[in-house]
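Notes for the structure review
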Amino acid sequence: NGYNSAKQCVNQRYNIQPTPVAVVRVATDSEVQAAVRCAATFGSQACAKNGAHGYDNEAGCDGGVQIDTQDLQSLSVDADAKTTKFGTGLTLGQLYYRLNPYGLL
């Protein structure tokens, strides 16, 4: 079902089966804020699932609210200052390929 696939972490280095009480897929900063406030209101932990995985699967969030940020994929680059601002939903691979044309690797 949708819940079982949404809660899973992509990193398969560990056999972790997270059991959050809810998974919230967000598309804006204000939705992230609302999800954190909702979790806090009910005394639940809130954790971020960034880019569909976490290196050590910290996004498991057993008993808490898992906030899936994979749709937050903005990227702004100031090539002159050699700085960038990017959304938490980007994977390392996506970020690499999007920064490559700017020579910022």
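Residues numbered from 1 in each chain as written. Predicted model: local features only at pLDDT ≥ 70, side-chain atom pairs only at ≥ 80, totals over all residues. Heavy atoms only, no water.

What about the environment of Gly63?
Test applied: Helix and strand definitions follow DSSP, with helices as H or I runs of at least four residues and strands as E runs of at least two, each counted in order from the N terminus. Only heavy atoms matter for contacts: two residues are in contact if any of them lie within 4.5 Å across the pair.
Mapped onto the fold, Gly63 is located in the loop between strand S2 (46-49) and strand S3 (65-68). Each C-alpha atom, one on Gly63 and one on Ala46, is 9.4 Å from the other, the two residues being 17 residues apart in sequence. If near-sequence neighbours (up to four positions away) are discounted, Gly63 is found in contact with Thr19, Pro20, Val21 and Ser44.

A few points about the nonpolar core
Let me state the cut-off plainly: For our purposes a nonpolar core is just a set of buried Ala, Val, Leu, Ile, Met, Phe, Trp, Tyr and Cys residues, chained together by side-chain atoms within 4.5 Å. Partly exposed describes any residue whose relative accessible area lies between the buried limit of under 20% and the exposed limit of over 50%, with all areas from a 1.4 Å probe on protein chains only and scaled to the type maximum.
If you look at the biggest cluster of nonpolar residues, it comprises 6 residues: Val26, Ala35, Ala39, Val65, Ile67 and Leu72. Setting aside chain neighbours within four positions, we find Ile67 in contact with Val24, Val26, Val32, Ala35, Val36, Ala46, Cys47, Ala48 and Lys49.

Description of the packing of aromatic side chains
Applicable threshold: When two rings of Phe, Tyr or Trp (its six-membered ring) have centres within 6.5 Å they constitute a pair, described as stacked for plane angles under 30 degrees, edge-to-face for angles over 60, and tilted for the intermediate range.
Overall, the coordinates contain 1 aromatic pair when judged by the stated rule. Summarising the aromatic geometry, the rings of Tyr96 and Tyr97 are spaced 5.1 Å apart at their centres and angled 90 degrees between planes, so their arrangement reads as edge-to-face. With relative accessibility at 42%, the residue Tyr96 sits in the partly exposed group. Taking relative accessible area as the criterion, Tyr97 reaches 62% and is therefore assigned exposed.

Overview of the environment of Gly64
Relative to the elements of secondary structure, Gly64 occurs in the loop between S2 and S3. Separated by 46 residues in the primary sequence, Gly64 and Pro18 have C-alpha atoms spaced 9.8 Å apart. Here Gly64 is in contact with Pro20, Val21, Ala22, Ser44 and Gln45, once residues within four sequence places are set aside.

Looking at the pairing of S2
It is a general feature of regular strands that their side chains alternate between the two faces of the sheet. Selection criterion: A strand pair is defined by DSSP finding two or more bridges across the two strands.
Side chains Cys47 and Lys49 project from S2 onto a buried face, and the interleaved Ala46 and Ala48 project onto a face without burial. Bridge count between S2 and S3: 4 bridges; the pairing is parallel. Paired with Ala46 across the bridge in S3 is Val65.

Examining unusual backbone geometry
Apart from glycine, the bulk of residues carry a negative phi angle, and the bulk of peptide bonds sit in the trans form. For Lys82, which is not glycine, the phi torsion reads 55 degrees and is therefore positive. Following the sequence through the fold, Lys82 ends up in the loop between strand S4 (75-78) and strand S5 (83-86). Here Lys82 falls in the exposed class, since its relative accessible area comes to 62%.

Thoughts on a nonpolar patch on the surface
Heads up, the condition is: For patches, a residue must show more than 30% relative accessible area and have no salt bridge; joins then use 9 Å for like charges and 5 Å for nonpolar side chains, namely Val, Leu, Ile, Met, Phe, Trp and Tyr. Using a 1.4 Å probe, accessible areas were evaluated by the Shrake-Rupley method; residue-level cover was limited to the displayed protein chains. Counted as salt bridges are all cases of a side-chain nitrogen of Lys or Arg within 4 Å of a carboxyl oxygen of Asp or Glu.
Among the surface-exposed residues, Tyr96, Tyr97 and Leu105 lie close enough to one another that they form a single nonpolar patch of about 380 Å² accessible area. Within the secondary structure, Tyr96 is located in helix H3 (residues 92-99).

A closer look at the pattern of salt bridges
Side chains that differ in charge, positive against negative, can pair when their charged atoms come close. Scanning the model with the defined rule gives 1 salt bridge in all. The salt bridge involving Asp71 is made with Arg25; its shortest N-O contact spans 2.9 Å. Taken together, the residues span a long stretch of sequence, with Asp71 in the loop between S3 and S4 and Arg25 in strand S1 (residues 22-25) at a distance of 46 residues.

Read these as spatial facts, not as claims about activity.
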